[in-house]
Amino acid sequence: MAPAGKISAFYREGNDCFCNSNLPSDISVVVDGINFHLHKFPLISKCGKIAQIIEESQSTIHKTFTTVLEEFPGGADAFLMIVNFCYGVRVELTPRNVVMLYCAADYLDMTDKYGDENLLSKSETFFHKHIIRNWKNCIVALQSCEPFITRADKLRITSRCINDLSVMVCTDPSLFGWPMKMYGSLQSPGGSILWNGISTGAKIHGTESDWWFEDISYLCVEFFERLIREMEVKGIQPENLASAIMYYCKKYIPGLGRWPGGQTGTGRTVASFSMTPAAVDQRVLLQSVVKLLPDKKGKSYCRFLLGLLRVALILGVNHTCQSSLEWRIGTQLELATLDSLLIPSYSDSDILYNNECVERLIQHFVSSDPSVTTRSPSSLVLEASPSSGRWKRVAKLVDSYIQEVASDVNLKPRNLRSLAETLPESSRSLHDGLYRALDIFFKAHHWLSDNEREQLCSIIDFQKLSIDACAHASQNERLPLRVILQILFFEQMQLRTALAGYLHVLDAESGPAISNESAQQVVQRDGWVNVVRENRVLKVDLERMRSRVGELEQEFGKIKEEMKKVSKSYVPLISPHKITTDSRADIPQASAEQARPSTRLSQHRKSLSSTVYHDEKSSSLCQYNTLKLDLVKFDFPKNPC
């Protein structure tokens, strides 16, 4: 057998690999279909497994022995490096190959029992010296564990890497004497940057909490999950944990970037090395990530969860994953936005949006409030509860969602009614949003019968409509006639109640003082505050009208007195006594003809004067009566029943 130091290299011909030795091969080792034609002595002097196989075999030394190594860590490439080591060829250990050689050496039982400074001990030493407590090398080594994760777990390679990474993430970087950022060994323990071993005096800026997001995003799903759990055990802040999960998901689920809350900005990497992104199954990623999500609330986080739910519906994840996402979103539904809530329907149905999913989100929100014990809690309970603001925001969001989906011609009336009734009635202070949704629905579904329209209108409390909504509804031809009459009735009732409440407050200001809280409840009842404000202007106009009526009454009295005086002092131009025939005969014909026009002129003056007085009287009376009627309309009693 030639000395191992003379063997310089191996060469390959097809599926056969030979060494550059003139000695014939006496052992053939098959790894992943590649036949390695080798010699027994270099192998058994380093590899305990091969020595045991040869010892247990019945073959003689005169025949070539063949063995197959199944599931060899690293495959044929790793075995070729092992063979080089056995033949005395120098093998360089790096962070990229140390785990592979570590596992291969363990597979072949290359301990110090079969030679000093064997490959297993060399790999262990290199791992402790150059991998542990080094962020860059630890990331690379952990990523290289993926192909042979079982043996790496057995050797505790993955657990040590994950533990070390989690310690460096959860600990303040300023507490470390050596840097964790991109300057590597070019930083002194004092924090200044070194150049050729000389301190430049330049200080490195403080690290941010997301400096590690990009680096760990190169890990596979299993390693990422285990690393996140280890960080959680070590007490990492939930905000950083959630941000890291969001960063990882947005990197491997490109669809999240197209929706609200998508990835913005560029990731920063600490380790100055190039790594290949992990091959990630999106469905496996979603099902694993949902288990890692912390109990956090926020607008961006809620938007991210809705994006995950959208992808989950596309990929068809299991029911547990989907239900968990829906529950997390439902508990913070008040932070959602309308555009992120519009989830398209990916089923075979004809509707545009997944209304059933949104309905489940609303149900989770209702059940998450501990103050709600029934499906329809009273308004007093909600108003007294500190979460009443959440209910109002969700009610507004749901009404906006119903308005968006109402234009879908394939949406059934029962689906719209179910969406509207998912929230308790007391959660809505005004029903204007529901009215707009119904108006849009009736416009898109013009073929509905009056009976169906009336049934849908029953979800609206017409006493909770604002003045503008009542005015629009009373002239809406798409509403049934019975509903319009009901709206007009409630409009009059609300107007009367609001005016009566305002007058009651005015009386209370001049009389015994009442509490501000009770007065505010009277004025703000049922959303009619605008009417009360307008009545202040109406009161001023009412006082002006009353003073004007008084002036007209005085003017009318003067006119009546003048008319009486004129009627008493009136003397006719033509005598009323009878003119005899004799005297008439003595009057010349010309004089008689001249008297006729004078008589007619006097009569005309009389009628004209009378007409002028009568017209002034009629005008004054008419103006007086008009103002009197207006005054009667607005003259409400001060203490209405």
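All values derive from a computational prediction rather than experimental measurement.

Asks: Even after reading the chapter, I still don't get the overall build of the protein chain, so can you show me in this structure?
Replies: Along its length, the protein chain carries 27 helices and 7 strands. Sorting the 641 residues of the protein chain into buried and exposed places 42% on the buried side. In the protein chain, the proportion of contacts linking residues at least 24 apart, taken out of those at least 6 apart, comes to 70%. Carbon and sulfur atoms form 52% of the exposed surface of the protein chain, whose accessible area is close to 36,300 Å².

Asks: What exactly am I supposed to notice about the side chain of Asn240 here?
Replies: Examined against the element boundaries, Asn240 turns out to sit in helix α11 (residues 238-252). The class of Asn240 is buried, set by a relative accessible area of 17%. Ignoring any residue separated from it by four or fewer positions in sequence, one finds Asn240 in contact with Ser209, Trp212 and Phe213.

Asks: How do you make sense of the environment of Met275 when you look at a structure like this?
Replies: Position of Met275 relative to the elements: it lies in the loop between α11 and α12 (282-292). On the basis of relative accessible area, Met275 is assigned to the buried category, the value being 10%. Discounting residues that sit within four places of it in the chain, Met275 has contacts with Ile139, Val140, Gln143, Asp215 and Tyr218.

Asks: Would you mind going over the packing of aromatic side chains with me for this structure?
Replies: Within a pair of aromatic rings, the relevant descriptors are the distance that separates the centres and the angle that separates the planes. Under the criterion given, the structure shown has 14 aromatic pairs. Both rings, one in Phe36 and one in Phe79, keep their centres 4.9 Å apart while their planes meet at 65°; by these two values the pair is edge-to-face. In this pair, Phe36 sits in strand β4 (residues 34-38) while Phe79 sits in helix α3 (residues 75-86), placing the two residues 43 residues apart along the sequence. Sitting over the face of the ring of Phe442, Arg453 holds its NZ or CZ atom 5.1 Å from the ring centroid.

Asks: Sorry if this is basic, but what is going on with the pattern of salt bridges here?
Replies: If charged atoms from side chains of opposite charge come close, those side chains can pair. Taken as a whole and judged by the stated rule, the model has 16 salt bridges. Notably, a salt bridge pairs Glu454 with Arg482, separated by 3.8 Å at the nearest N-O pair. With Glu454 in helix α21 (residues 450-457) and Arg482 in helix α23 (residues 481-510), this residue pair connects regions lying 28 residues apart in the sequence. In this structure Arg482 comes out as exposed when scored by relative accessible area, which is 59%. A network of salt bridges, in which partner residues are shared, links Asp106, Arg151 and Lys154.

Asks: Looking at this structure, I do not really get the confidence of the model for the protein chain. What am I missing?
Replies: As a general rule, the predicted coordinates of low-pLDDT regions are not to be interpreted in detail. Chain-level statistics for the protein chain give a pLDDT mean of 76 and a share of 69% at 70 or above. Across the protein chain, the element-wise mean pLDDT spans from 42 in helix α26 (residues 581-586) up to 95 in helix α4 (residues 98-107). Every residue in residues 573-617 is under pLDDT 50, and counting partners more than four places away or in other chains gives 9 contacts. Ignoring residues within four places in sequence, the model shows residues 630-641, a span with pLDDT below 50, making 13 contacts including any to other chains.

Asks: Please clarify how a negative patch on the surface should be interpreted in this entry.
Replies: Taken together, the side chains of Asp32, Glu70, Glu71 and Asp77 present a region of like negative charge at the surface. A relative accessible area of 56% places Glu70 in the exposed class.

Asks: Help me understand the side chain of Thr67 in this model?
Replies: Structurally, the position occupied by Thr67 is in strand β5 (residues 65-68). Judged by relative accessible area, which is 9%, Thr67 ranks as buried. Each residue touching Thr67, except ones within four places of it in the same chain, is listed here: Ser28, Val29, Val30 and Ile53.

Asks: Hey, could you run me through the packing of helix α20 (residues 432-444) against helix α22 (residues 467-474) in this one?
Replies: Relative placement of two packed helices is described by the angle separating their axes and the distance separating the axes. At a closest axis distance of 10 Å, the pairing of α20 and α22 adopts a crossing angle of 25°. Comparing the axis directions of α20 and α22 gives the class roughly parallel. Two packed elements cross with a definite hand, and for α20 against α22 that hand is left-handed. Between α20 and α22, the residues in contact are Asp432, Tyr435 and Asp439 and Ala469, His472 and Ala473, respectively.

Asks: Looking at this structure, I do not really get the pairing of strand β2 (residues 16-19). What am I missing?
Replies: Strand residues, when the strand is regular, have side chains that alternate between the two faces of the sheet. Residues Cys17 and Cys19 line the buried face of β2, whereas the alternating positions Asp16 and Phe18 sit on a face that is not buried. Examined bridge by bridge, strand β1 (residues 10-13) and β2 share 4 bridges and lie antiparallel to one another. Across the sheet, residue Glu13 finds its bridge partner in β2, namely Asp16. Hairpin geometry of β1 and β2 is characterised by an intervening segment of 2 residues between the two adjacent antiparallel strands and by a positive phi of about 65° at Gly14.

Asks: Honestly, the sheet that holds strand β3 (residues 27-31) in this entry has me stumped. Any pointers?
Replies: Picture the strands of a sheet paired through backbone hydrogen bonds; they go either parallel or antiparallel. Taken in spatial order, the 5 strands make up an open sheet running β1-β2-β4-β3-β5, and their pairing is mixed. The sheet is open, and its two edges are formed by β1 and β5, each paired on a single side. Geometrically, the sheet is characterised by an average inter-axis angle of 20° between neighbouring strands, direction not taken into account. Summarising the sheet, β3 and β5 pair through 4 bridges and their orientation is parallel. By the bridge assignment for β5, Val30 is matched with Val68. Packed on one face of the sheet, α3 meets β1, β2, β3 and β4 and runs near 10° to β4.

Asks: Honestly, the environment of Thr422 in this entry has me stumped. Any pointers?
Replies: Mapped onto the elements, Thr422 comes out in helix α19 (residues 413-422). Among the polar contacts made by the side chain of Thr422, one reaches the main-chain carbonyl oxygen of Ser418 at a distance of 2.6 Å.

Asks: Looking at this structure, how should I read unusual backbone geometry?
Replies: Where the residue is not glycine, phi is negative for most of them; where a peptide bond is considered, it is trans in most cases. A positive phi angle, near 55°, is found at Asp32, a position not held by glycine. Secondary-structure assignment places Asp32 in the loop between β3 and β4. For Arg133, which is not a glycine, the phi torsion comes out positive at approximately 65°. Structurally, the position occupied by Arg133 is in the loop between α5 (119-131) and α6 (135-144). Judged by its relative accessible area of 65%, Arg133 is exposed.

How each quantity is defined
- Residues numbered from 1 in each chain as written.
- Predicted model: local features only at pLDDT ≥ 70, side-chain atom pairs only at ≥ 80, totals over all residues.
- Heavy atoms only, no water.
- Helix = DSSP H or I, 4+ residues; strand = E, 2+ residues; numbered from the N terminus.
- Buried < 20%, exposed > 50% of the residue type's maximum accessible area, 1.4 Å probe, protein only.
- Contact = heavy atoms within 4.5 Å.
- Areas by Shrake-Rupley, 256 points an atom, 1.4 Å probe, with all protein chains shown as cover.
- Phe/Tyr/Trp six-rings, centres within 6.5 Å; stacked < 30°, edge-to-face > 60°.
- Lys NZ or Arg CZ within 6 Å of the ring centre and 35° of its normal.
- Salt bridge = Lys/Arg side-chain N within 4 Å of Asp/Glu carboxyl O.
- pLDDT = per-residue confidence, 0-100.
- Patch = residues over 30% accessible without salt bridge, like charges linked within 9 Å, V, L, I, M, F, W, Y side chains within 5 Å.
- Lys, Arg positive; Asp, Glu negative; His and termini not counted.
- Charge placed at Lys NZ, Arg CZ, Asp CG, Glu CD.
- Axes fitted to C-alpha atoms, helices over the stretch in contact; angles between N-to-C directions.
- Parallel < 35°, antiparallel > 145°, perpendicular 65-115°, else oblique.
- Left-handed = near helix turned anticlockwise from the far one by under 90°.
- Pairing = 2+ DSSP bridges.
- Polar contact = N/O pair within 3.5 Å; in protein donor to acceptor, adjacent residues only side chain to side chain.

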